[in-house]
Each structure stands twice: as C-alpha cells, then as structure tokens.
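Breakdown of the fold
The residues making up each chain are set out below.
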Amino acid sequence: MRHLTIHTGALLAAGLIAGPAGCGSSGDGRSGDGPPKASRPAAAAAEPQRQGGAEIATVLGRRIAVHKRKGDGAVWKTLSNPNEMGATRVFLVDAEDGDWLKVLLPIRPNGSTGWVKASDVELSATTRRLEIDPKAFRFTVLDGGKVLRTGKVATGEGGTPTPVGRFYFTELVEPPDPGGGYGAYAFGLSGFSPTLKSFAGGPGQLAVHGTNKASALGGKASHGCVRVSNDDITWMAKNLAIGTPVVVKE
C-alpha cells in the first residue's frame, strides 16, 4: 500500500475540502461551508502492477519537468512533489513513446496533457476505474468489465455544473469530522470547476467526497463536486488507488 502524506498547512493553503469548487452546498450551510482541518493523513489502497488497464506515474524527485512535446529541450512547466496538498504527485499516463510519457495534468484547462521523462517517475497500473453518470445520478466502479460497486451521486447545480471529461484521483483526505459536510473521506480530482476560478480560498479543484446529507443524493446539490454516501466513499478509500481514472460522462 502506498501511503500519502497530507500536511495540515498544505491542506489549508491549497483549500482541499474547503477549496474544491463543488464541496460547498447551496442551500445547506452545514454541507461543506467553512474550512475544516484534516485530522490525520489518509492512505489510499494501491493496486498491484497488472497487465492492461490504466498506468499511473508516481513522481520520484522533489519536482518534475513537463514538456509540451516529447524530446523538447525547453521545459514548459515544473511541478512540485509533493503536490500543493502535501500528497505524492501522480499522473495518469495517456501514452508512451520510448523514453517519454504523455500524461494527463492536474491543471486548467481540464484535459491538459504534457510529456515527462519515464526515468523521472515510477509506473504502476490499475484495472479499476470510476464512472459518473450525471444524467442518472449514479456512479459505477469497474474492474475491467466487471462491476464492483454502484450507487447514487449528487452533482453540481445551476451555474456550477460538474464538468464532463476524463480525470483521476490526485490525493485522499480524511476530514476530522466524518459526520460533517464532506463525509468520511474526500478524493481530490485532477479537474477544476469550469465556472469557479476559486472557492473558499482554494483554486476551484473538484473532488469526490462523502456527505452528511444523504437525502441530496440522486440530484443536483453541489458547486461542482461529486457527492456519494459515506459508505461508498469509505469503500472507495479502501479499494481505489491514487491515480485511478475517473470518467464523468456526457
């Protein structure tokens, strides 16, 4: 199991849980309003290396150079490790080409990709993925073609929709109060709100998290994040690795 360190200072600075766009609730002052602190680091289950599925690239050094094109000598972006949340930085691999990897980046605009050197990361794999169906307000966790778990979700409402696209888990946080608005756990996502550039001191990062208002599941209730039941998010925290692909369908 790969343990991820979440530092309280980084948590507050980056605004995870307080800062992700959809972690607040319109019409419910108890659901995600205010900046709760992390009680302790949360660890996500790591998948063993397998054939097929998705590849996850874990950064090895204190920073990593990202290039717009493979083999390009000019560095486009330099990303820190750990990330802004204090968690080990990971990428979802989109393609491999020799000594280079094309990876999905946790930056705006959603869906951005870049190239990193394979020698700068450690590769692992997972056959599991999370799919969100906003129209049906359902999630499905699959292992290859096998359904492992399904349940209700709440998504963004009004002018703060949950964006469609391909994302991945970037960190896992355990709130100090499992009965609070963020539930038992919150997975940070690599995507951001399309309408909120900041939220409660954070960058408008999206998340999949639990809730203290299960009655809101099955409808639109958030500022863009995906809410699931506390039982479901606890299961995900135990069974899905950081880097697991997340697909929000149209």
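To be clear, the structure that these remarks concern was listed above.
What you see is a predicted model, and the numbers here were worked out from it, not measured in a lab.

**Let's talk about the overall build of the chain**
- The helix and strand inventory of the chain stands at 2 helices and 18 strands.
- Going through the 250 residues of the chain one by one, you find that 54% of them count as buried.
- Sequence separation of at least 24 residues holds for 67% of the intrachain contacts in the chain that already meet a minimum separation of 6.
- Element-wise, carbon and sulfur atoms account for 49% of the exposed surface of the chain, whose accessible area totals about 10,300 Å².

**A look at the nonpolar core**
- Ranked by size, the top nonpolar core spans 44 residues in total, and within it Phe-91, Leu-130, Phe-169, Val-208 and Met-236 carry the most contacts.
- Non-local contacts of Phe-91, meaning those with residues more than four positions away in its chain, are made with Glu-55, Ile-56, Ala-57, Val-59, Ile-64, Leu-79, Val-103, Leu-104, Leu-105, Pro-106, Val-116 and Tyr-168.

**Digging into helix H2 (residues 230-239)**
- Restricting attention to buried positions, one finds in H2 the residues Asp-232, Ile-233, Trp-235, Met-236 and Ala-237.
- Those residues of H2 that are buried lie in contact with strand E9 (128-133), strand E10 (138-143), strand E11 (146-152), strand E13 (165-174), strand E14 (186-192) and strand E15 (205-209).

**Comments concerning the environment of Ser-119**
- Looking at the element boundaries, Ser-119 is found in the loop between strand E7 (113-117) and strand E8 (121-126).
- With a relative accessible area of 58%, Ser-119 lands in the exposed category.
- Taking the C-alpha atoms as reference points, Ser-119 and Leu-101, 18 residues apart in sequence, are found 9.6 Å from one another.

**A short note on unusual backbone geometry**
- For the peptide bond that leads from Asn-81 to Pro-82, omega is 5 degrees, which places it in the cis range.
- By the secondary structure assignment, Pro-82 is in the loop between strand E4 (77-80) and strand E5 (90-97).
- Cis geometry is adopted by the peptide bond preceding Pro-109, which originates at Arg-108 and carries an omega value of -5 degrees.
- Considering the arrangement of structural elements, one finds Pro-109 in the loop between strand E6 (100-104) and E7.
- The residue Phe-137 is not glycine, and still its phi comes out positive at about 55 degrees.
- Of note, Phe-137 is situated in the loop between E9 and E10.

**A few points about the sheet that holds strand E2 (residues 54-59)**
- Ordered in space as E7-E6-E5-E2-E8, the 5 strands form an open sheet in which the pairing is antiparallel. Each edge of the sheet is formed by a strand with only one pairing partner; in this case those strands are E7 and E8. Here the strands of the sheet are splayed against their neighbours by 45 degrees on average, with no regard to which way each runs.
- Here E5 runs beside E6; their pairing, made up of 5 bridges, is antiparallel. Its bridge partner being in E6, Asp-97 is matched across the sheet by Trp-100.

**Looking at the pattern of salt bridges**
- Overall, the coordinates contain 9 salt bridges when judged by the stated rule.
- Put simply, Asp-72 and Arg-69 hold a salt bridge, and the shortest N to O gap is 3.1 Å.
- Between Arg-128 and Asp-143 there is a salt bridge, and its shortest N-O distance comes to 3.5 Å. Of this pair, Arg-128 sits in strand E9 while Asp-143 is found in strand E10, placing the two residues 15 residues apart along the sequence.
- A relative accessible area of 15% places Arg-128 in the buried class.
- Residues joined by salt bridges that share partners form a network here, namely Asp-94, Lys-102 and Arg-166.

**Topic: the environment of Lys-102**
- By the secondary structure assignment, Lys-102 is in strand E6.
- For Lys-102, a relative accessible area of 25% translates into the label partly exposed.
- Considered as a pair, Lys-102 and Val-116 are 14 residues apart in the sequence and their alpha carbons are 6.6 Å apart.
- Residues within four places of Lys-102 in sequence aside, it is in contact with Leu-92, Val-93, Asp-94, Ala-95, Thr-113, Gly-114 and Trp-115.

**With respect to the pairing of E14**
- Counting buried residues in E14 gives 7 out of 7 residues, a clear majority hidden from the surface.
- In this sheet, E14 lies alongside E13 in antiparallel orientation, the contact comprising 4 bridges. When the sheet's bridge partners are listed, Phe-169 is paired in E14 with Leu-189.

Rules of the game
- Residues numbered from 1 in each chain as written.
- Predicted model: local features only at pLDDT ≥ 70, side-chain atom pairs only at ≥ 80, totals over all residues.
- Heavy atoms only, no water.
- Helix = DSSP H or I, 4+ residues; strand = E, 2+ residues; numbered from the N terminus.
- Buried < 20%, exposed > 50% of the residue type's maximum accessible area, 1.4 Å probe, protein only.
- Contact = heavy atoms within 4.5 Å.
- Areas by Shrake-Rupley, 256 points an atom, 1.4 Å probe, with all protein chains shown as cover.
- Core = buried A, V, L, I, M, F, W, Y, C linked by side-chain atoms within 4.5 Å.
- Pairing = 2+ DSSP bridges.
- Axes fitted to C-alpha atoms, helices over the stretch in contact; angles between N-to-C directions.
- Salt bridge = Lys/Arg side-chain N within 4 Å of Asp/Glu carboxyl O.

Remember that the coordinates give geometry; whether it matters functionally is a separate question.
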